[in-house]
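Spelled out from the first residue to the last, the chains are:
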Amino acid sequence: MKIAIVIGTRPEIIKMAPVIDEINKRNLDYVLIHTGQHYDHEMSDQFFLDLELPTPDYNIGVGSGSHGEQTAEMMKGIEKVFVKEKPDLVMVQGDTNAVLAGAIVASKLHIPVGHVEAGLRSFDKTMPEEINRMAADVCSLLYYVPTEESALNLVVEGINPKNVIITGNTVVDACLRNLKIAENKSDILSQFSEYENILTLTMHRAENVDNIERLTQITDALMELNELTIIFPVHPRTLKNLEKFGIYSKMIEKGHIKIIKPVGYLDFLLLLSHSQMIMTDSGGLQEEAITLDVPCMTLRYNTERPETVTAGGNILVGSDKKKIMETTRLIMNDPQTREKMKKAINPYGDGKSSERILEVSLREYENGNMEIKAPEDLMNQFKRKIELVDSNITVLEFEKINNALIRLVYDNGEARFPHEDLDLKNMLVLFDKYLN
Ligand code: UD1
Ligand code: UDP
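Here the structure is a predicted model, which is why all the values come from computation and not from measurement. Note on numbering: residues in each chain are counted from 1, in written sequence order. Each chain is given a letter, starting from A, and each ligand a number, starting from 1, according to the order in which they appear as written. Only residues with pLDDT of 70 or above have their local features reported here, since the model is predicted, and side-chain atom pairs are shown and tallied only from 80 upward, although totals for entire chains, interfaces and linings are computed over all residues. Note: side-chain values were computed over all heavy atoms of the structure, leaving out hydrogens and water.

A. How the structure looks around the overall build of the chain. Scanning the chain from N- to C-terminus turns up 18 helices and 17 strands. In this setup the radius of gyration rests on C-alpha atoms only. A globule is expected at 2.2 Å times the number of residues raised to 0.38. Taking 436 residues into account, the globule formula puts the C-alpha radius of gyration at 22 Å, and the chain, at 23 Å, falls close to it. With the C-alpha coordinates aligned to their principal axes, the bounding extent of the chain is approximately 75 × 50 × 40 Å. In the chain, which comprises 436 residues, the proportion classed as buried is 55%. For the accessible areas, the method is Shrake-Rupley and the probe is 1.4 Å, while residue cover comes only from the protein chains on display. Surface summary for the chain: the accessible area is close to 19500 Å², and the carbon and sulfur share equals 50%. A positive count includes Lys and Arg, and a negative count includes Asp and Glu. His and the chain ends are not counted in either. The location of each charge is read from NZ of Lys, CZ of Arg, CG of Asp or CD of Glu. Considering the chain, the positive charge centre built from 48 side chains and the negative charge centre built from 66 side chains are found 2 Å apart. Secondary structure elements follow DSSP: runs of H or I no shorter than four residues count as helices, runs of E no shorter than two count as strands, and numbering proceeds from the N terminus. Exposure classes here rest on a 1.4 Å probe applied to the protein chains alone. A residue is buried below 20% of its type maximum, exposed above 50%, and partly exposed in between.

B. Representation of the packing of helix H4 (residues 97–108) against helix H5 (residues 128–139). H5 packs onto H4 with a crossing angle of 20° between their chain directions and a minimal axis gap of 9 Å. The orientation of H4 relative to H5 falls into the category roughly parallel. Handedness of the H4/H5 crossing: left-handed. On H5, the residues touching Asn97, Val99, Leu100, Ala103, Ile104 and Ser107 of H4 are Asn132, Ala135, Ala136 and Cys139. Here the contact of H4 with H5 is composed, by residue class, of 7 nonpolar, 3 polar and no charged. Only the stretch in contact is used when a helix axis is fitted, and all axes are lines through C-alpha atoms; the angle between N-to-C directions ranges over 0 to 180 degrees. The labels follow the angle: roughly parallel below 35 degrees, roughly antiparallel above 145, roughly perpendicular from 65 to 115, and oblique for the rest. Left-handed describes a crossing in which the near helix is turned anticlockwise from the far one by less than a right angle; the clockwise case is right-handed. Contact criterion: two residues are considered in contact whenever any of their non-hydrogen atoms come within 4.5 Å of each other. In the scheme used here, Gly and all other residues not listed as nonpolar or charged are polar, with Ala, Val, Leu, Ile, Met, Phe, Trp, Tyr, Cys and Pro taken as nonpolar and Asp, Glu, Lys and Arg as charged.

C. Molecular detail of the nonpolar core. For our purposes a nonpolar core is just a set of buried Ala, Val, Leu, Ile, Met, Phe, Trp, Tyr and Cys residues, chained together by side-chain atoms within 4.5 Å. Core analysis: the biggest nonpolar cluster contains 53 residues, and Ile3, Ile5 and Met91 have the highest contact counts within it. Apart from residues lying up to four places away in sequence, isoleucine 3 is in contact with Ile23, Leu28, Asp29, Tyr30, Val31, Pro87, Leu89, Met91 and Leu358. One finds Ile218, Met277, Met279 and Ile331 within the second-largest nonpolar core, a separate group that totals 29 residues.

D. A look at the site of ligand 2. A cutoff of 4 Å decides nearness: a residue is near a molecule or strand if any of its heavy atoms lies inside that distance of it. In the vicinity of ligand 2 lie 16 residues, with Val263, Ser282, Gly283, Gly284 and Glu288 positioned nearest. Glycine 283 has a polar backbone atom sitting 2.8 Å from an oxygen atom of ligand 2. As used in this structure description, the phrase polar contact means that two N or O atoms lie within 3.5 Å; if the pair is within protein, one of them must be able to donate a hydrogen and the other to accept it, and residues adjacent in sequence are counted only when both atoms belong to side chains. Here an oxygen atom of ligand 2 sits 2.6 Å away from a polar atom, N or O, in the side chain of glutamate 288. Protein contacts shield 96% of the accessible area of ligand 2, which totals 540 Å² for the unbound molecule. Within the residue set of the shell around ligand 2, elements represented by two or more residues are helix H1 (10–25), helix H12 (265–273) and helix H13 (283–291). Here the shell around ligand 2 is built from residues that sort into 8 nonpolar, 5 polar and 3 charged.

E. Seen up close, the sheet that holds strand S7 (residues 164–166). Spatial strand order, S3-S2-S1-S4-S5-S6-S7: 7 strands in an open sheet with parallel pairing. The open sheet has two edge strands with one neighbour each: strand S3 (58–59) and S7. Where strand S1 (residues 2–7) meets strand S4 (residues 89–93), 3 bridges bridge the pair, whose relative direction is parallel. Its bridge partner being in S4, alanine 4 is matched across the sheet by valine 90. DSSP calls a pair of strands paired once it identifies at least 2 bridges connecting them.

F. The arrangement of the site of ligand 1 in detail. Ligand 1 sits among 20 residues. The nearest are His38, Glu129, Arg205, Arg237 and Lys240. In the model, an oxygen atom of ligand 1 is placed 2.9 Å from a nitrogen or oxygen of the glutamine 37 side chain. Between ligand 1 and histidine 204, the relevant distance is 2.9 Å, taken from an oxygen atom to a side-chain nitrogen or oxygen of the residue. Mapped onto the shell around ligand 1, the elements with two or more residues apiece are helix H3 (67–85) and helix H10 (236–244).

G. Expanded view of the sheet that holds strand S11 (residues 277–280). A sheet is described by the order of its strands in space; here 6 strands give the open sequence S10-S9-S8-S11-S12-S13, paired in parallel fashion. With partners counted over all chains shown, the strands left at the sheet margins are strand S10 (257–260) and strand S13 (314–316), one partner each. If you compare each strand with its neighbour and ignore which way they point, the axes differ by 20° on average. Pairing of strand S12 (residues 296–298) with S13, which is carried by 3 bridges, proceeds in the parallel orientation. Note that in S13 the partner of methionine 297 across the bridge is isoleucine 315.

H. Structural context of the pairing of strand S9 (residues 229–233). Burial analysis of S9 places 5 of its 5 residues in the buried class, the great majority of the element. Here S9 shows a buried face lined by Thr229, Ile231 and Pro233 and a second buried face lined by Ile230 and Phe232. Of the pairings in the sheet, the one linking S9 to S10 comprises 4 bridges and is parallel in character. When the sheet's bridge partners are listed, isoleucine 231 is paired in S10 with lysine 258.

I. Seen up close, the pattern of salt bridges. Only one rule defines a salt bridge in this text: a Lys or Arg side-chain nitrogen within 4 Å of an Asp or Glu carboxyl oxygen. Per the counting criterion, the structure on display carries 31 salt bridges. Between glutamate 85 and lysine 2 there is a salt bridge; the shortest N-O distance is 2.7 Å. With glutamate 85 in helix H3 and lysine 2 in strand S1, the pair connects residues that are 83 residues apart, well separated along the chain. When its relative accessible area of 16% is taken as the criterion, glutamate 85 is described as buried. The exposure class of lysine 2 is buried, given its relative accessible area of 16%. Between lysine 162 and glutamate 399 there is a salt bridge, with the nearest N and O atoms lying 2.6 Å from each other. Here lysine 162, found in the loop between helix H6 (148–156) and S7, pairs with glutamate 399, found in helix H18 (residues 395–402); they are 237 residues apart in sequence, far enough to count as distant. Its relative accessible area of 34% is what places lysine 162 among the partly exposed residues. We classify glutamate 399 as buried; its relative accessible area is 8%.

J. Quick peek at the packing of aromatic side chains. Geometry of aromatic contacts follows a simple scheme: Phe, Tyr and Trp rings, the Trp one being its six-membered ring, pair when their centres are within 6.5 Å, and the pair is stacked under 30 degrees between planes, edge-to-face over 60, tilted otherwise. All told, the structure shown has 2 aromatic pairs when counted by the stated rule. Their ring planes at 65° and their centres at 6.2 Å tell us that phenylalanine 382 and tyrosine 434 sit as a pair that is edge-to-face. Of the two residues, phenylalanine 382 is situated in strand S14 (residues 382–388) and tyrosine 434 in strand S17 (residues 428–434); the sequence distance between them amounts to 52 residues.

K. Quick peek at unusual backbone geometry. In this structure, asparagine 27 takes a positive phi of about 55° despite not being glycine. Assignment of secondary structure puts asparagine 27 in the loop between H1 and strand S2 (29–34). With a phi angle near 65°, asparagine 426 is a residue other than glycine that sits in the positive phi range. Its location among the elements puts asparagine 426 in the loop between strand S16 (414–416) and S17. Look at asparagine 426 and you get exposed, because its relative accessible area is 55%.

So, in structure tokens, the structure goes:
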């Protein structure tokens, strides 16, 4: 099996690194395609060094631009590579423009797409990432989802549950493997050894940093929180806007805010693990914080990682100055809140997600389930049905006996993912009944 991996930005490099390691372990054939969306050394090359990744076979070199420009250039470049390399499976990760471009191009060429971190939903269609992940999920064949909740998002949208595999998130693999390495190799903490009460901050979401009102609310709060030391590795998008809106110099004058260049993964993991809390609008950081037992406060009104909030490790505050200050002080100063947040159970798995992703992909390939071809059955050969089950019968048994595919299950009014060994007694079952 030959796999093509498409990556384009910092988080994709980090979260696909464990998958690439697994592919290498199994000596599989693969091509690595970088779209070039992130191109600064500290946003791209540094991660190839830190994670010991091979140089990409192709770099499309799209650089920065509007969504339309960027995605179109990526699609043109990616299509050429797929036509030449003829992969059996294309893997994309997350919700960036690379995911959109890779998934659309592959599906039009009838190449199966495996979407790593599929099924996340913020239910906010103003976010470019929400459109990207929804469109990529329409184009995918295999869905490697991090949690049961993300699996449910997909089946509710009509995705076949047989193609949805709950693997955990590869960020846990990356985080756990590299923290040990970071402890030996990184000396980032020596720069900050004189400070106590370190809060690490990252932000780059368009809805926060491109919007002067929101950015002002957030940065005003940061400037007033002068009892803390705030370490702020600044994303290039954010830096440009802080300068454009005249906020950068005001922040620098406040000695407690240390604005530094984006740091490599090893440095960042060590910094994060030694922080009292993290303030962020990043997706990956909400996951890493709960993995490393660091309380997280998220500068957003919604999240596609709601599991972190329900688990108790993450608090959403939006961009409201008062709320940001109050919640920061609560987390920093109230031992009960801190302990509760630190003890939140990590919903993203055990660090073996990439192993599972490879196992399932190989199995599906070897079983011949990855061929994309037009259906041969005549149309309308099934009926969509609902039934209350009154006996002990598993999903698999029900499907066999009834010649059916279970789409979704309701247990006591709550939606459940139809795991094959789930006992359906007293549950409502939504299914397709085949008529031939
Ligand atoms: C992109 C992703 C976002 C992801 C983030 C990770 C999309 C739609 N957005 O957002 O989902 O969370 O990456 O960090 O795919 N720039 C540089 N150097 C670089 C890269 C960017 O200076 O190496 C500057 C440019 O001015 C550019 C701006 O940052 O216009 C934004 O970059 P872009 O890649 O368009 O989006 P991100 O905000 O990085
Ligand atoms: N990260 C890093 N250095 C930094 C800031 C972030 O290595 O200076 C890592 C972080 O550990 C996480 C990833 O970058 O794994 C998150 O990327 P980002 O916030 O840019 O994107 P998102 O996750 O929001 O898509």
